[in-house]
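# Secondary and tertiary structure notes
The chain contents come next:
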Amino acid sequence: MPTDYGYDLWWLVILNSAVFIIFAFSFVRPRTKLDWRALGGFSAFIVALFTEMYGFPLTIYLLSGWLGNRVPGLDLLSHNTGHLWQDLTGWQGDPHLSPLHLLSNVLIAAGFMLLYLSWQVLFAAQREHRLATPGPYAKVRHPQYMGFLTIMAGFLLQWPTLLTLLMFPVLVIVYLRLARKEERMMEAEFGEAYAAYRREVPGFVPRSGRGRAGTGQKLQEGP
C-alpha cells in the first residue's frame, strides 16, 4: 500500500506506541502485579490502535464493501477514512476539526491528567503507609483505572477499529476484576478504615453533588 495514504508506516506505529506507553508508565509507576496488568492491558490497546492507524487498516479492509455502499464516493484508501465516526455521520471537512475528534482530545488529555494526579496521591500514601483518600481518591476509589479507560474511550472516538472496539469492553471487565482484587488487599491491610472508605466513596463513577467533597480529609482525620 502506498505510503502517500498514511499506512505502512511501521516506524510511526512503533514511535507512537512507545510514546503513549512510556507516558502512561511515567504517570503510573507500576509496582505491583495489579499495576503491571493494568498497564499491560492499556499497552495492548495502544499497539492495536496504532497498528491500524499507521500500519495496516484492517478495519477499513474488512468493512470496505459495507462502507462503499454506506458512504458512496468514499476513498477507502485515504488515511482520513480511518476516522470512521466522521465518515458515518457525514462530517464534511478536516476530520481533525470535527466535534468528535476535539472531544477525543479532551478525553485523552483528561485521562492522562487523572493518571498523573492519582499517582501523586498514591505515591505519597504508599510512602507514609496510609490509605490514599484525598484528591481523585476522594471522588472514586479507582481513579487510575478510570484514567486508562478515559484515554481509551477518547481514542475510540478519534480512530475506532474493530479490534479496539472489541478490546474495550474486555478491558473494562479486566479492570473491574483488578479493582476487586485490589480492594480485598486493601481491606486485609487497613481493615475497617478501608471498609469505611469503601462505603463512602464509589468505585468508578463519582456521585453528583458536593456532599462528598470532604470525604478524603474526614477519612484521614478519623472519627
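Residues numbered from 1 in each chain as written. Predicted model: local features only at pLDDT ≥ 70, side-chain atom pairs only at ≥ 80, totals over all residues. Heavy atoms only, no water.

### Things to note about the confidence of the model for the protein
Quick note on the threshold: Values of pLDDT, the confidence the predictor places in each residue, fall between 0 and 100. Helix and strand labels come from DSSP, where a helix needs a run of H or I of at least four residues and a strand needs a run of E of at least two; each type is numbered from the N terminus.
Per-chain confidence: the protein averages 89 in pLDDT, with 91% of residues scoring 70 or above. The lowest-confidence element of the protein is helix α10 (residues 215-221), averaging 49 in pLDDT; the highest-confidence one is helix α7 (residues 143-158), averaging 96.

### Some points on α7
Keep this limit in mind: The span one expects for a helix is its residue count, reduced by one, times 1.5 Å. With a 1.4 Å probe rolled over the protein chains alone, any residue whose accessible area is under 20% of its type maximum counts as buried; one over 50% counts as exposed, and the rest are partly exposed.
Helix length check: α7 (16 residues) gives 22 Å between terminal C-alpha atoms against 22 Å at 1.5 Å per residue, within 8%. A large share of α7 lies buried, amounting to 13 of its 16 residues.

### Topic: the side chain of Asn16
Basically, it comes down to this: Polar contact is the term for a pair of N or O atoms within 3.5 Å; when the atoms are in protein, one must be able to donate a hydrogen and the other to accept it, and sequence-neighboring residues count only if both atoms are side-chain atoms. Only heavy atoms enter the contact rule, under which two residues are in contact if any of them lie within 4.5 Å.
With respect to the helices and strands, the residue Asn16 is situated in helix α1 (residues 10-28). Polar contacts involving the side chain of Asn16 include one to the main-chain carbonyl oxygen of Leu12, which spans 2.9 Å. If near-sequence neighbours (up to four positions away) are discounted, Asn16 is found in contact with Phe50 and Tyr54.

### Points about the packing of aromatic side chains
In plain terms, the rule: Only Phe, Tyr and Trp rings are paired, with Trp represented by its six-membered ring, and only when their centres lie within 6.5 Å; those with planes under 30 degrees apart are stacked, over 60 edge-to-face, the remainder tilted.
Here the structure, examined in full by the defined rule, presents 16 aromatic pairs. Taken together through their ring pairs, the aromatic side chains of Phe20, Phe23, Phe27, Phe50, Tyr54, Phe112, Tyr116 and Phe155 make up a single cluster.

### Some words on unusual backbone geometry
Peptide bonds are mostly trans, and most non-glycine residues show a negative phi. At Asp8, a position not held by glycine, the phi torsion is positive, near 65 degrees. Relative to the assigned elements, Asp8 resides in the segment before α1. We classify Asp8 as partly exposed; its relative accessible area is 37%. In the Ramachandran plot, Arg29 falls in the positive-phi region, its phi being about 50 degrees despite a non-glycine side chain. One can find Arg29 in the loop between α1 and α2 (33-55). Among the residues examined, Arg29 registers a relative accessible area of 42% and is labelled partly exposed.

### A look at the packing of α1 against α2
For clarity, the threshold we go by: Interaxial angles span 0 to 180 degrees and are taken between N-to-C directions of axes, which are lines fitted to C-alpha atoms, for helices over the stretch in contact. We call two directions roughly parallel when the angle between them is under 35 degrees, roughly antiparallel when it is over 145, roughly perpendicular when it lies between 65 and 115, and oblique otherwise. Handedness of a crossing is defined here by the sense of rotation of the near helix relative to the far one, left-handed for an anticlockwise turn of less than a right angle and right-handed for a clockwise turn. Here the nonpolar group is Ala, Val, Leu, Ile, Met, Phe, Trp, Tyr, Cys and Pro; Asp, Glu, Lys and Arg are the charged ones; every other residue, Gly included, is treated as polar.
Orientation of α1 relative to α2, taken along the N-to-C sense of each, is 155 degrees, at an axis distance of 9 Å. When the interaxial angle is binned, α1 and α2 end up roughly antiparallel. The handedness of the crossing between α1 and α2 comes out as right-handed. Note on element contacts: α2 touches α1 through Trp36, Leu39, Phe42, Ser43, Ile46, Val47, Phe50, Thr51, Tyr54 and Gly55, opposite Trp10, Leu12, Val13, Asn16, Ser17, Phe20, Ile21, Ala24 and Phe25. Classifying every residue of the contact of α1 with α2 gives 14 nonpolar, five polar and no charged.

### Side note on a positive patch on the surface
Rules: Like charges are joined within 9 Å and nonpolar side chains (Val, Leu, Ile, Met, Phe, Trp, Tyr) within 5 Å, but only among residues with over 30% relative accessible area and no salt bridge; these make up the patches. To measure how exposed things are, a 1.4 Å probe is used in the Shrake-Rupley method; for residues, cover is taken only from the protein chains shown. For this document, the term salt bridge refers to a Lys or Arg side-chain nitrogen within 4 Å of an Asp or Glu carboxyl oxygen. Counted as positive: Lys and Arg. Counted as negative: Asp and Glu, with His and the chain ends omitted from the count. For charged residues, the charge sits on one atom: NZ in Lys, CZ in Arg, CG in Asp, CD in Glu.
Residues Lys33, Arg37, Arg177, Arg180, Lys181 and Arg184 make up a contiguous surface patch of positive charge. Only α2 and α8 (162-190) provide two or more residues apiece to the positive patch. For the positive patch, the leading source of residues is α8, giving four residues. One can find Arg37 in helix α2.

### So, the nonpolar core
This is how it is decided: Here, nonpolar core means buried Ala, Val, Leu, Ile, Met, Phe, Trp, Tyr and Cys residues that are tied together by side-chain atoms lying within 4.5 Å of each other.
In this structure, Phe42, Phe50, Phe112, Phe148, Phe155 and Tyr175 are the most contacted members of the largest nonpolar core, which totals 36 residues. Only α1, α2, α6 (99-127), α7 and α8 provide two or more residues apiece to this core. Ranked by residues supplied to this core, first place goes to α2 with 11 residues. With sequence-adjacent residues up to four places away left out, Phe50 is seen in contact with Val13, Asn16, Ser17, Phe20, Gly55 and Phe155. With 10 residues, the next largest nonpolar core counts Val121, Leu131, Ala132 and Val201 among its residues.

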